[in-house]
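Listed here are the chains, written in short residue letters.
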Amino acid sequence: EMHQAAKEGRFEYPSACPRKCKFARFTVDKDKCKAIDWQRIRLQEDFSELSSSDGPPRRVPRTVDCDLKRGLVGSCVPGDSV
C-alpha cells in the first residue's frame, strides 16, 4: 500500500515502486480516495482604471491565477468585479 498526494489537483500513477520492487503495476483503491471541489480562476486588473487619460500610458492588464476550493467554488462567474 502506498499513499501519494495529487499534484496540481491531478492524480498520476507512480512511475516506479518506491520499495524498488520489480513490478510497476498499480491500482487505485477508490474507497480510500478523497476528492474535493476546486476551480481555477484568473483575476485581471480593471481595464477602465488602466485607460484613464490622466494616468500612465496604456498597458496590458496584469493577471493572477487563483485556485478556489470547497465552499468558494462557483462563488464568482466571468465578468464579476471582485
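Here the structure is shown first, and the text comes after it.
Residues numbered from 1 in each chain as written. Predicted model: local features only at pLDDT ≥ 70, side-chain atom pairs only at ≥ 80, totals over all residues. Heavy atoms only, no water.

(A) Region of interest: the overall build of the protein. A tally of helices and strands in the protein yields one helix and two strands. Starting at the N terminus, the α and β elements of the protein follow one another as β-α-β. By the burial criterion, 9% of the 82 residues in the protein qualify as buried. Put simply, of all contacts in the protein between residues at least 6 apart along the chain, 44% involve residues at least 24 apart. (Helix = DSSP H or I, 4+ residues; strand = E, 2+ residues; numbered from the N terminus. Buried < 20%, exposed > 50% of the residue type's maximum accessible area, 1.4 Å probe, protein only. Contact = heavy atoms within 4.5 Å.)

(B) Main features of unusual backbone geometry. Of note in the backbone geometry, Arg70 takes a positive phi value of approximately 50° without being a glycine. By the secondary structure assignment, Arg70 is in the segment after strand 2 (63-69). Given a relative accessible area of 57%, Arg70 falls into the exposed group.

(C) Here's a closer look at the environment of Val60. Along the chain, Val60 turns up in the loop between helix 1 (47-50) and strand 2. Judged by its relative accessible area of 68%, Val60 falls in the exposed class. Sequence spacing of Val60 and Gln44 is 16 residues, and the spatial spacing of their C-alpha atoms is 9.9 Å.

(D) Looking closely at a nonpolar patch on the surface. There is a patch of nonpolar side chains on the surface, built from Phe11, Tyr13 and Val28 and spanning about 300 Å² of accessible area. Looking at the element boundaries, Tyr13 is found in the segment before strand 1 (38-44). (Patch = residues over 30% accessible without salt bridge, like charges linked within 9 Å, V, L, I, M, F, W, Y side chains within 5 Å. Areas by Shrake-Rupley, 256 points an atom, 1.4 Å probe, with all protein chains shown as cover. Salt bridge = Lys/Arg side-chain N within 4 Å of Asp/Glu carboxyl O.)

(E) Examining the pattern of salt bridges more closely. Summed over all chains, the structure comprises three salt bridges. For Asp67, the salt bridge goes to Arg40, with nearest N and O atoms at 2.7 Å. Of the two residues, Asp67 is situated in strand 2 and Arg40 in strand 1; the sequence distance between them amounts to 27 residues. What makes Arg40 partly exposed here is its relative accessible area of 40%.

Limitation: the analysis is restricted to geometry and does not speak to function.
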